[in-house]
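Architecture and fold: a report
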Amino acid sequence: MYPQVLFFALLVVTTAVSGGEVYKWVDEKGVTHFSELPPPGQQAAKPRQPPAAQGPPQAAPASAADGGRPAGKTWQEKETEFRQRQIERDAAARKQEEQDAAAKRLQRDCLLARKSLENLQNVNAVARYDDRGERVYLDDRQRAALIQQRRQEIDARCAGR
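Quantities reported herein were computed from a predicted structural model and do not represent experimental measurements.

Look at helix H2 (residues 75-122) against helix H3 (residues 140-157): their axes get within 9 Å of each other, and the N-to-C directions meet at 155°. As the angle between them shows, H2 and H3 are arranged roughly antiparallel. Where H2 crosses over H3, the two elements pack in a sense that is left-handed. Facing Leu106, Asp109, Cys110, Ala113, Arg114, Ser116, Leu117, Leu120, Gln121 and Asn122 of H2, the residues of H3 in contact are Arg143, Leu146, Ile147, Arg150, Arg151, Glu153, Ile154 and Arg157.

Looking now at the pairing of strand S1 (residues 23-26). The alternating pattern of S1 places Tyr23 and Trp25 on a buried face, while none of Lys24 and Val26, on the opposite face, is buried. Of the strand pairs in this sheet, S1 and strand S2 (residues 32-35) are connected by 4 bridges, and their pairing is antiparallel. Residue pairing in the sheet places Val26 in a bridge with Thr32 of S2. Between S1 and S2, which pair antiparallel one after the other, the connecting turn spans 5 residues, and Gly30 there sits at a positive phi close to 90°.

Next up on the list: the nonpolar core. Of all hydrophobic cores here, the largest spans 10 residues; its members are Cys110, Ala113, Leu117, Leu120, Val126, Leu138, Leu146, Ile147, Ile154 and Cys158. Secondary structure elements with two or more residues in this core: H2 and H3. Broken down by element, the residue count for this core peaks at 4 residues, all from H2.

Relative to the elements of secondary structure, Asp27 occurs in the loop between S1 and S2. We note that Asp27 is buried and unpaired, the nearest opposite charge coming from Lys29 at a distance of 6.3 Å. Reaching out from Asp27, the side chain makes a polar contact with the backbone nitrogen of Val31 at a distance of 2.8 Å. Side chain to side chain, Asp27 and His33 meet in a polar contact 3.0 Å long.

Let's shift gears to the side chain of Arg150. Checked against the element boundaries, Arg150 lands in helix H3. Setting aside its immediate chain neighbours within four residues, Arg150 contacts Ala113, Ser116, Leu117 and Leu120.

Of all residues in the chain, 76% have pLDDT values of 70 or greater, and the mean over the chain is 79. Ranking the helices and strands of the chain by mean pLDDT puts H2 first, with 92, and helix H1 (residues 2-18) last, with 69.

Now for the pattern of salt bridges. The final tally for this structure, using the stated rule, is 6 salt bridges. Two residues, Glu79 and Arg83, come together in a salt bridge whose shortest N-O distance is 2.9 Å. Of this pair, Glu79 and Arg83 are both found in helix H2, 4 residues apart, which corresponds to roughly one turn of the helix. On the basis of relative accessibility, which here comes to 48%, the residue Arg83 falls in the partly exposed class. Between Arg108 and Asp109 there is a salt bridge, with its nearest N and O atoms 3.4 Å apart. A network of salt bridges, in which partner residues are shared, links Asp130, Arg132 and Glu134.

Reading the values: the criteria
Residues numbered from 1 in each chain as written. Predicted model: local features only at pLDDT ≥ 70, side-chain atom pairs only at ≥ 80, totals over all residues. Heavy atoms only, no water. Axes fitted to C-alpha atoms, helices over the stretch in contact; angles between N-to-C directions. Helix = DSSP H or I, 4+ residues; strand = E, 2+ residues; numbered from the N terminus. Parallel < 35°, antiparallel > 145°, perpendicular 65-115°, else oblique. Left-handed = near helix turned anticlockwise from the far one by under 90°. Contact = heavy atoms within 4.5 Å. Buried < 20%, exposed > 50% of the residue type's maximum accessible area, 1.4 Å probe, protein only. Pairing = 2+ DSSP bridges. Core = buried A, V, L, I, M, F, W, Y, C linked by side-chain atoms within 4.5 Å. Lys, Arg positive; Asp, Glu negative; His and termini not counted. Salt bridge = Lys/Arg side-chain N within 4 Å of Asp/Glu carboxyl O. Polar contact = N/O pair within 3.5 Å; in protein donor to acceptor, adjacent residues only side chain to side chain. pLDDT = per-residue confidence, 0-100.

See below:
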């Protein structure tokens, strides 16, 4: 119970101190100062409210040229612009990811086509499996046609690589 009373007393003392007097003065450089103590040897005025409690700053008067709206953007307009930029940034990131994935697929397909061509050219006998699952060997004419097909695939998939 004792710590609660001590906490309450401390809370009352700190709020009483924060509500003390505030002095306002301008130094020789023209800078306005606010403090709890008056400056030594200078004239200081007591403002009606402390600077933090004076309220929000007044907006600049609206001119007729901008349709009667105050200068600057409202927080709603800024929020809308921020969300639009975020959507555009996300769309650009998705597009870049898609392009990267497509480039990787092309690179993989190019590599597979080159490996297939190399196997066709270096192996003595080339075989395929028919519908019944039996191995069927290709003759030289079929093998040459398959090699030509692989070269065309390489030309299409490996352009610039």
